[in-house]
Amino acid sequence: MEVLFAITLGVLSASGTYLLLRGRIFPVVLGLTLLSYAVNLFLFGMGRLVTGGAAVLGSGTTQYADPIPQALVLTAIVIGFAMTAFVVVLSLRGLGELKTDHVDGKEPRA
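This is a predicted model, so every value here is computed, not measured. Numbering of residues starts from 1 in every chain and runs along the sequence as written. Local features in a predicted model are, by the rule used here, given only for residues with pLDDT of at least 70; side-chain atom pairs are given and counted only at 80 or more, and totals for whole chains, interfaces and linings are based on all residues. As a convention, hydrogens and water are excluded, and side-chain values are obtained from all of the structure's heavy atoms.

S.K.: Got a sec to walk through the side chain of Asn40? Specific residues and values, please.
M.R.: The topology assignment puts Asn40 in helix H2 (residues 25-45). Residue contacts follow a heavy-atom distance rule, with two residues in contact if any of their heavy atoms lie within 4.5 Å. Not counting residues up to four positions away in its chain, the partners in contact with Asn40 are Val73, Ala76 and Ile77. Helix and strand labels come from DSSP, where a helix needs a run of H or I of at least four residues and a strand needs a run of E of at least two; each type is numbered from the N terminus.

And the structure:
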């Protein structure tokens, strides 16, 4: 399971970085979203990948899920959603004012 998790993190990070380097607004927003998903999965993985583990200590089992990374991921999901909404509104305003969806505001020369 750890290998699949690591591959998923690598694919999300690589795809997000590739899309971030594009010259248009929508791929940049999508790249930021994919990178935030990769960071959320990384934080979630820091709490140990345990199947069927107890949520808190003291239940008599030796394997438990750490609640701190879970709380961090829930907070990061909310913050990530708010930042995605903000970037989408910002990009729509830039599109309306500049009449182009290029990230630097200039159309590339042919």
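S.K.: Account for unusual backbone geometry, naming residues and giving values.
M.R.: Non-glycine residue Lys99 carries a positive phi angle of around 60 degrees. Mapping Lys99 onto the fold places it in the segment after helix H3 (67-98). Relative accessible area serves as the criterion here: at 67%, Lys99 is assigned to the exposed category. For each residue, the accessible area found with a 1.4 Å probe, counting protein chains only, is set against the maximum for its type, and the residue is called buried under 20%, exposed over 50%, and partly exposed in between.

S.K.: Tell me what's going on with the UniProt feature "transmembrane region" (unreviewed entry) in the chain, and back it up with residues and numbers.
M.R.: UniProt marks residues 26-50 and 71-92 with the feature "transmembrane region" (unreviewed entry), using the numbering shown here. Across residues 71-92 one finds 100% helix and 0% strand; the C-alpha atoms that close the span lie 32 Å apart. UniProt positions are given in the numbering used here, feature names are shortened, and annotations may be inferred rather than shown by experiment.

S.K.: Would you mind going over the pattern of salt bridges in detail, with residue names and values included?
M.R.: Definition used for salt bridges: Asp or Glu carboxyl oxygen within 4 Å of a side-chain nitrogen of Lys or Arg. Considering all chains together, one arrives at two salt bridges under this definition. With a shortest N-O distance of 2.9 Å, Glu97 and Arg93 are connected by a salt bridge. Note that Glu97 and Arg93 are positioned in helix H3 at a spacing of four residues, about one turn of the helix. Note on accessibility: Glu97 and Arg93 belong to one class, exposed.

S.K.: Describe H3, naming the residues involved and giving the relevant values.
M.R.: An expected span of 1.5 Å times one less than the residue number is assigned to each helix. Its 32 residues place the ends of H3 46 Å apart at the C-alpha level, agreeing with the 46 Å of an ideal helix rising 1.5 Å per residue. Listed in full, the buried residues belonging to H3 are Pro69, Val73 and Ser91. Just past H3, the residue Lys99 takes up positive phi, approximately 60 degrees.

S.K.: Lay out the environment of Phe44 in plain terms, naming residues and giving numbers.
M.R.: With respect to the helices, strands and loops of the structure, Phe44 is situated in helix H2. According to the relative accessible area criterion, Phe44 is partly exposed, its value standing at 39%. For Phe44 and Pro69, which are 25 residues apart along the polypeptide, the C-alpha to C-alpha distance reads 5.6 Å. Beyond its immediate sequence surroundings of up to four residues, Phe44 is in contact with Gln70 and Val73.

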